[in-house]
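Residue-level listing of the chains:
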Amino acid sequence: MAQPQPTLAQLRALVGVADHRHFGRAAASLHVSQPTLSSAVAALERTLGIQLVERTTRSVLLTPVGEEIVARARGVLGAVDDIAQVAVRAQVPLSGDIRLGVIPTVAPYLLPRLLPLLRAQRPQASPRLREAQTAALLEELRGGALDLALLALPTDEPGVAELPLYDEDFVLVTPVDHPMAGGDGLPVAALGGQELLLLEDGHCFRAQALDVCREAGARERSALRAASLSTIVQMVAGGLGLTLVPAAAVGVEVGAGRGLATATFCTPAPRRRIGLAYRATSARVAEWSLLAAEIRAALPGTGLPVTPAALTAGS
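Residues numbered from 1 in each chain as written. Predicted model: local features only at pLDDT ≥ 70, side-chain atom pairs only at ≥ 80, totals over all residues. Heavy atoms only, no water.

**Remarks on a nonpolar patch on the surface**
Inclusion rule: To count toward a patch, a residue needs a relative accessible area above 30% and no salt bridge. Like charges then connect within 9 Å, nonpolar side chains (Val, Leu, Ile, Met, Phe, Trp, Tyr) within 5 Å. Values of accessible area rely on a 1.4 Å probe in the Shrake-Rupley scheme; residue burial ignores everything except the protein chains shown. Here a salt bridge means any side-chain nitrogen of Lys or Arg lying within 4 Å of a carboxyl oxygen belonging to Asp or Glu. Counting from the N terminus, the helices are DSSP H or I runs at least four residues long and the strands are E runs at least two residues long. Between buried and exposed lies partly exposed: a residue is buried under 20% and exposed over 50% of the maximum accessible area for its type, with that area taken using a 1.4 Å probe on protein chains only.
Judged by side-chain polarity, Leu48, Ile50 and Val65 come together as a nonpolar surface patch covering roughly 180 Å² of accessible area. In this structure, Val65 sits in helix H4 (residues 64-91). Overall, the relative accessible area of 32% leaves Val65 in the partly exposed class.

**Points about the pairing of strand E4 (residues 125-131)**
Heads up, the rule is: Each pair of strands is called paired provided DSSP finds at least two bridges between the two strands. With strands facing away from the observer, any crossover in which the path from the first strand over the helix to the second runs clockwise is taken as right-handed.
Relative to E4, strand E3 (residues 96-102) is paired through 7 bridges, and the arrangement is parallel. Bridge pairing in E4 places Arg99 opposite Arg128. In terms of handedness, the path from E3 via helix H5 (residues 107-121) over to E4 forms a crossover that is right-handed.

**Description of the packing of aromatic side chains**
Centre distance and the angle of the planes are the two values used to describe a pair of aromatic rings. Keep this limit in mind: Two rings from Phe, Tyr or Trp (for Trp, the six-membered ring) form a pair when their centres are within 6.5 Å of each other. A pair whose planes differ by under 30 degrees is stacked, one over 60 is edge-to-face, and the rest are tilted.
With the rule as written, the count across this model stands at 1 aromatic pair. Here Phe170 and Phe205 contribute two aromatic rings whose centre-to-centre distance is 5.0 Å and whose plane-to-plane angle is 75°, an arrangement assigned as edge-to-face. Placement of Phe170 in strand E6 (residues 160-175) and of Phe205 in helix H7 (residues 204-216) is noted, with a sequence separation of 35 residues between them.

**Some points on unusual backbone geometry**
Pro154 follows Leu153 through a cis peptide bond whose omega is 0°. Tracing the sequence through the fold places Pro154 in the loop between strand E5 (148-153) and E6. The peptide bond linking Thr267 to Pro268 adopts the cis configuration, its omega dihedral lying at 0°. Among the secondary structure elements, Pro268 is positioned in the loop between strand E10 (260-263) and strand E11 (271-279). The phi dihedral of Arg21 falls on the positive side, at around 55°, and the residue is not glycine. Note that Arg21 resides in the loop between helix H1 (8-20) and helix H2 (23-30).

Next comes the structure, spelled out in C-alpha cells:
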C-alpha cells in the first residue's frame, strides 16, 4: 500500500509556523484562518505518524524531527515556486521576484549604485533583499528561501554553484597622523607588529582579514570587535588601531574631516572575489548567468574601485 504523501498546503502551513512560532501570525501570513492552519499541521502529523510541533500556552516549538522536516520542506516549496514561474520566465528572463541575499560588507557599498542601473535595464525584475552573514545566507539558499546570495567566493558548499562578479583590493585605514597614512604600494609585511581591528565572528571578511594578519605578522586587537565596518572605522578614528576594508567601502566609510587616512598595498595586493551563489539544481541557471553578465557590464557605471571578474586574468 502506498505511503500517504504530504500536501503542499500542509508543508506551507508547517513552514509558516516555523517562521513565526505562532499559529495566529502564521495563519495571517498565509491568508488562511487559524483553524485551517492548525488542521493542516495536524493532518501532516497524522500523515507522517510523528509529532512535529510542541504546542504550549506561551509558545510554539518544533520537535527535532520537525526542524529537519521544515528544512526539507523549504527546499520542496522553493522548487515548486520555481516550476510555477518557468513558463513566465521563459518568455521574459529575469522577471518577477528575485530573492537575493547579500553580506553586510557588500550591501551598503554596492547595492545603492548597482540597483538603479539594473532597474533601468530590467524594470520587470523585482529584487527582494535580505542582508545577513554568509552562513545564514547559505542556509537560506540551500533551503529555498533565497534564489541567490551575493557574497565572497569560494563558498565550498556542496550543491551550490558560483558566478564570479568582481575582485576588489583590501585597503588599510589609519588615523590621519599614522606613519603609514597615505602610503601607496605598501608591502603586506609593513603590517608586521601592528594591531588591527576586525569584525566579529561570522563575517567572512573577518576570516579574510585574519589571513592577511597571519601573513604579515600583525595581531588582532581582540578585545575590540564590532558588527559593522562603520563602527570599526570610527574606532580607528579614535586612535584604537588600524583596520582593513574592501576598496568599495572606502568612499562611504572614509571621508574628509573624519581624522582618517588610507594606504594601499603593492601588487599583488590582498583582495577578495565577490560573486553570486545559487543552487546548482535551480531551474533558473540560465537567468542567473545572464544576471551575472549584466552586473559585470554595469560595474563601470557604479564608479566603484573594483575589477569585473570576467576581465581578470585567470578568471
